[in-house]
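Descriptive analysis of the structure
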Amino acid sequence: MDLGLTNKHALVTGASSGLGAASAMALAREGATVVINARDADRLAKAADWIEGETGNRPGIIAADIATARGLTAIEKGIRDIPIDILVSNGGGPPPGQFLEHESARWEDAARLVLDSARSLTRMVLPGMIDRGWGRLLYITSVGVLQPVDDLILSNTYRAGVTAMCKTISNNYAQHGVTANCVCPGYTATERLMGLATRRSQETGKTREDILEEFASMIPRKRVGNPEELGALVAFLAGEQAGYISGTSIPVDGGLHKSLL
Ligand SMILES: NC(=O)c1ccc[n+]([C@@H]2O[C@H](COP(=O)([O-])OP(=O)(O)OC[C@H]3O[C@@H](n4cnc5c(N)ncnc54)[C@H](OP(=O)(O)O)[C@@H]3O)[C@@H](O)[C@H]2O)c1
């Protein structure tokens, strides 16, 4: 299937590893011209090497922190002359923990990382999309939006905000050819998941491998996901054929969440 992404420009944040890198790769494989962002310039350059090696096209890179005003300004400057057609808003996850474990500063940091970044990135690209009558806004959230994860209160809370923002943007702007959707990963084999497994292992005294097996046993598919499986959905939602899909939150979770919709 030709997704019609040749000649489209994509910005993918949080894209030096994991789900962001897989999304950028999937878009680049479909012919999109990609700009990738993350904080660490060396890791970002390695991700660019990887994408160039697979596709022959070197992505643009912007090393910047999406949780800071300075980082967002750097991204805005970096894409000033690029008509971004596709935004994949992604980044690191806030620290795990329950309500009483987090002081106010942690909540503020999480809000900046998850919700404020998504809002600011959208503000940078949406007017151009409306002018051109075509756009794809994609927010990587979490299956925690469908069914909150007990020790991820910061993530649960602010990703719910991103979901509400996405749905409202869809209501307001889909008429201009701009679709807005959330992609909700379940347990997926990335650095972040390994970090969560290590934390649980330290808390429980079990090995990290045992913890990963426990994750897998909860999932109807009986394994954790691969980042490429999420990247494939991102590319599809970015494509022409997905032009009538808007305002949704689609899980890529091996059947993990228990709700009907
Ligand atoms: N993997 C899962 O099982 C899973 C499940 C549900 C939800 N999620 C969510 O999906 C998102 C991606 O997860 P992942 O598993 O792919 O994580 P990951 O492997 O840790 O990758 C995170 C990426 O984001 C970048 N990043 C982190 N903080 C950033 C910041 N402030 N500004 C710019 N870039 C930043 C990282 O690079 P730098 O560190 O160099 O900046 C890296 O490229 C996270 O928000 C996570 O919570 C993941």
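Per-chain numbering applies: the sequence of each chain, read as written, is numbered from 1 onward. Reporting in this predicted model follows two pLDDT cut-offs: at least 70 for local features of residues, and 80 or more for side-chain atom pairs to be given and counted; totals over whole chains, interfaces and linings ignore these cut-offs and use all residues.

Here's the deal with the overall build of the protein chain
Helix and strand assignments follow DSSP, with helices taken as H or I runs no shorter than four residues and strands as E runs no shorter than two, numbered in order from the N terminus. Scanning the protein chain for helices and strands turns up 8 helices and 7 strands. Against the compact-globule benchmark of 18 Å for 261 residues, the protein chain has a radius of gyration of 18 Å, which places it among compact chains. Seen through its C-alpha atoms, the protein chain measures out along the principal axes to roughly 55 × 40 × 35 Å. For the exposure call, what matters is how many other C-beta atoms sit within 10 Å of a residue's own: 20 or more marks it buried, 12 or fewer exposed, and in between partly exposed, using C-beta atoms placed from the backbone. Scored against the burial criterion, the 261 residues of the protein chain give a buried share of 45%. Note that contacts rest on C-beta atoms placed from the backbone: two residues are in contact if these are within 7 Å. Contacts in the protein chain between residues at least 24 apart in sequence constitute 75% of all its contacts with a sequence separation of at least 6. A radius of gyration in this sense is built from C-alpha atoms; the matching globule rule multiplies 2.2 Å by the number of residues raised to 0.38.

Some thoughts on the site of the ligand
To decide nearness, the C-beta atom of each residue is placed from the backbone, and the residue is near a molecule or strand if that atom lies within 6 Å of it. What surrounds the ligand is a group of 31 residues, the closest being Gly14, Gly18, Gly92, Gly93 and Thr190. Elements that contribute at least two residues to the shell around the ligand include exactly helix 1 (18-29), strand 2 (33-38) and helix 6 (191-204). An automatic or database domain assignment is the source of the domain bounds shown. No fewer than three residues from each of domain 1 (9-187 + 227-252) and domain 2 (189-224) sit in the shell around the ligand.

So, the pairing of strand 4 (residues 86-89)
Of the two faces of strand 4, the one carrying Ile86 and Val88 and the one carrying Leu87 and Ser89 are both buried. Here, strands pair whenever DSSP counts at least two bridges between them. As paired strands, strand 1 (residues 9-12) and strand 4 are joined by 3 bridges and run parallel to one another. Following the sheet pairing, leucine 11 is matched in strand 4 by leucine 87. Note that strand 4 and strand 5 (residues 135-140) share 4 bridges and pair parallel. Counted as the bridge partner of leucine 87 is leucine 137 from strand 5. Handedness is read with the strands pointing away from the viewer; a crossover is right-handed when the path from the first strand over the helix to the second is clockwise. What joins strand 4 to strand 5 is helix 4 (residues 104-132), and the crossover it makes is right-handed.

Overview of the nonpolar core
Residues enter a nonpolar core if they are buried, belong to Ala, Val, Leu, Ile, Met, Phe, Trp, Tyr or Cys, and are joined to the set through C-beta atoms within 7 Å. Ala24, Leu27, Val34, Val183 and Val234 are the most contacted members of the largest nonpolar core, which has 66 residues in total. Aside from chain neighbours lying at most four places away, what touches valine 183 is Leu138, Ile140, Leu230, Leu233, Val234, Leu237, Ile250 and Val252. Counting residues in hydrophobic clusters, the runner-up holds 7 residues, among them Leu193, Ala197, Ile211 and Leu212.

A closer look at the pairing of strand 6 (residues 178-185)
With 8 of 8 residues buried, strand 6 is to be regarded as a mostly interior element. Note: strand 5 against strand 6, 6 bridges, orientation parallel. Of the residues in strand 6, the one forming a bridge with glycine 135 is valine 178. Following the chain from strand 5 across helix 5 (residues 153-173) to the adjacent parallel strand 6, one finds a crossover that is right-handed. In this structure, strand 6 lies alongside strand 7 (residues 249-252), joined through 4 bridges in parallel fashion. Along strand 7, the bridge assignment pairs cysteine 182 with serine 249.

So, the packing of helix 6 against helix 7 (residues 208-218)
Between helix 6 and helix 7, the shortest axis-to-axis distance is 8 Å and the interhelical angle comes to 115°. Between helix 6 and helix 7, the crossing angle belongs to the class labelled roughly perpendicular. Regarding helix 6 and helix 7, the two cross each other, and that crossing is right-handed. Two secondary-structure elements touch here, helix 6 through Ala197, Thr198, Arg200 and Ser201 and helix 7 through Arg208, Ile211 and Leu212. Each residue receives one of three labels: charged for Asp, Glu, Lys and Arg, nonpolar for Ala, Val, Leu, Ile, Met, Phe, Trp, Tyr, Cys and Pro, and polar for the others, Gly being one of them. Of the residues assigned to the contact of helix 6 with helix 7, the class counts are 3 nonpolar, 2 polar and 2 charged. An axis is simply a line fitted to the C-alpha atoms; with a helix, the fit covers only the stretch in contact. Between two such axes, the angle follows the N-to-C directions and lies from 0 to 180 degrees. Throughout, the term roughly parallel applies to angles under 35 degrees, roughly antiparallel to angles over 145, roughly perpendicular to angles from 65 to 115, and oblique to all others. Put simply, a crossing is left-handed when the front helix is turned counterclockwise from the back one by less than a right angle, and right-handed when it is turned clockwise.

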